[in-house]
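Spelled out from the first residue to the last, the chains are:
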Amino acid sequence: MSDFVVGLTGGIGSGKSTVAELFVAAGAALVDTDAIAHELTAPGGAALPELVAAFGPEITDEHGALDRAAMRRLVFAEPAAKAKLEGILHPLIRRLAAERCRLAATPYVVLAVPLLVESGNYRQRCDRVLAVDCPESRQIERVMARNGMAENEVKAIMAAQATRQQRLAAADDVVFNDGGLEALSPQVAELHQKYLRLSAEKAKANC
């Protein structure tokens, strides 16, 4: 079981998923709260009955999964809906994430939490916080190209997240992702060695 957790965060379009994949390729375990949220809201997911009871059947799609676009529109239109959604989903996500971190059979775990800075509970569980950083203009470009969203939609999502400065202030380590893989790989390789060393030191101290 792993006792060393690296919290990975970054704004939408920063490249968190790419960085996470590089850590996995280096030998780290990954626990992704976004992936857990998708599991919980897939057809038959554990969170769906309570979500449908709270918001109505119109928040599901034709397959019986959460219609994320419909939910996003509702949350932006009604601030109270956001708190209700988080009150249902977040405790389930936190419980599953903690369980999977405990069960990881690697020297350290990368816990990917997009809203790590915004939600204080996750910060307390992490030995290090790693922020993926890039200019905000690059975030907007990437999300528009990837998701086909309008610029104002992307900016609305970014406005609801921590600012770039807040993430950097909360981070112990930073990966700068303004280029391609050739710029990312050396940064991740260096941090991987650092986390192996720190996890070994923690394990030794706990013996």
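Residues numbered from 1 in each chain as written. Predicted model: local features only at pLDDT ≥ 70, side-chain atom pairs only at ≥ 80, totals over all residues. Heavy atoms only, no water.

Trainee: Just give me the short version of the side chain of Lys16, but keep the residues and values in it.
Mentor: In this fold, Lys16 is placed in helix H1 (residues 16-26). Polar contacts involving the side chain of Lys16 include one to the main-chain carbonyl oxygen of Gly10, which spans 3.2 Å. Residue contacts for Lys16: discarding those within four places in its chain leaves Leu8, Thr9, Gly10, Gly11, Pro114 and Val132. (Helix = DSSP H or I, 4+ residues; strand = E, 2+ residues; numbered from the N terminus. Polar contact = N/O pair within 3.5 Å; in protein donor to acceptor, adjacent residues only side chain to side chain. Contact = heavy atoms within 4.5 Å.)

Trainee: Can you break down the side chain of Gln139 residue by residue, with the values?
Mentor: Here Gln139 lies in helix H7 (residues 136-147). Take Gln139: its relative accessible area is 3%, and that puts it in the buried class. (Buried < 20%, exposed > 50% of the residue type's maximum accessible area, 1.4 Å probe, protein only.)

Trainee: Help me get a handle on the environment of His90, residues and values and all.
Mentor: If you trace the backbone, His90 turns up in helix H5 (residues 79-103). Under the relative-accessibility criterion, His90 is labelled partly exposed at 27%. With 57 residues separating them in the primary sequence, His90 and Thr33 have C-alpha atoms 9.4 Å apart.

Trainee: Requested: an account of the pattern of salt bridges, with residues and values cited.
Mentor: A full pass over the atoms with the stated rule returns twelve salt bridges. Of the charged contacts in the structure, one is a salt bridge between Lys202 and Asp127, with a shortest N-O distance of 2.7 Å. Separated by 75 residues along the polypeptide, Lys202 in helix H10 (residues 181-206) and Asp127 in the loop between helix H6 (120-125) and strand S4 (128-133) bring together distant segments of the chain. Given a relative accessible area of 27%, Asp127 falls into the partly exposed group. Note that Glu151 is salt-bridged to Lys155, the shortest N-O span being 3.1 Å. Placement of both Glu151 and Lys155 in helix H8 (residues 151-159) is noted, with a separation of four residues, approximately one turn of the helix. (Salt bridge = Lys/Arg side-chain N within 4 Å of Asp/Glu carboxyl O.)

Trainee: Account for the packing of aromatic side chains, naming residues and giving values.
Mentor: Where two aromatic rings form a pair, the distance of their centres and the angle of their planes describe that pair. In total, this model carries three aromatic pairs according to the counting rule given. Ring geometry for Phe23 against Tyr108: centres 6.4 Å apart, planes inclined by 85°, an arrangement best described as edge-to-face. Of this pair, Phe23 sits in helix H1 while Tyr108 sits in the loop between H5 and strand S3 (109-112); the two residues are 85 residues apart in sequence, bridging distant segments of the chain. Side by side, Phe23 and Tyr108 carry an identical accessibility label, which is buried. (Phe/Tyr/Trp six-rings, centres within 6.5 Å; stacked < 30°, edge-to-face > 60°.)

Trainee: Residues and numbers for the layout of surface pockets, please.
Mentor: Any space left empty among the atoms is revealed by the rolling of a water-sized probe across them. Estimated volume of the largest pocket: approximately 1400 Å³. Every residue lining the largest pocket is counted, 40 residues in all, and those nearest its centre are Asp34, Arg68, Pro114, Leu115 and Gln161. Mapped onto the lining of the largest pocket, the elements with two or more residues apiece are H1, helix H2 (33-40), helix H4 (68-77), H5 and H7. With six residues, the top contributor of residues to the lining of the largest pocket is H5. Considering only residue class, the lining of the largest pocket consists of 19 nonpolar, eleven polar and ten charged. (1 Å grid on protein atoms, 1.4 Å probe; cavity = no way out; pocket = protein on both sides within 12 Å on 5 of 7 lines; lining within 4 Å. Points joined across faces, edges and corners; volume = space filled by probe spheres on them. Nonpolar A, V, L, I, M, F, W, Y, C, P; charged D, E, K, R; others polar.)

Trainee: Explain the nonpolar core residue by residue, including any values.
Mentor: One recurring pattern in soluble globular proteins: nonpolar side chains tend to sit buried together. Counting 32 residues, the largest nonpolar core has Leu51, Phe55 and Leu111 as the members making the most contacts within it. Take this core: its biggest share by element is eight residues, from H5. Apart from the residues within four sequence positions on either side, Leu111 is in contact with Val5, Val6, Gly7, Leu8, Val31, Thr33, Ala97, Cys101, Tyr122 and Cys126. Judged by nonpolar contacts, the second largest core, of 19 residues, contains Val110, Leu130, Val188 and Tyr195. (Core = buried A, V, L, I, M, F, W, Y, C linked by side-chain atoms within 4.5 Å.)

Trainee: Give a description of the packing of helix H3 (residues 48-55) against H5 that names residues and reports values.
Mentor: The interhelical angle for the contact between H3 and H5, taken along N-to-C directions, is 160°, at an axis separation of 10 Å. Here H5 runs roughly antiparallel to H3, going by the angle between their axes. The handedness of the crossing between H3 and H5 comes out as right-handed. Mapping the contact onto sequence places Glu50, Leu51, Ala54 and Phe55 in H3 and Ala81, Lys84, Leu85 and Ile88 in H5. Split into classes, the residues belonging to the contact of H3 with H5 amount to six nonpolar, no polar and two charged. (Axes fitted to C-alpha atoms, helices over the stretch in contact; angles between N-to-C directions. Parallel < 35°, antiparallel > 145°, perpendicular 65-115°, else oblique. Left-handed = near helix turned anticlockwise from the far one by under 90°.)

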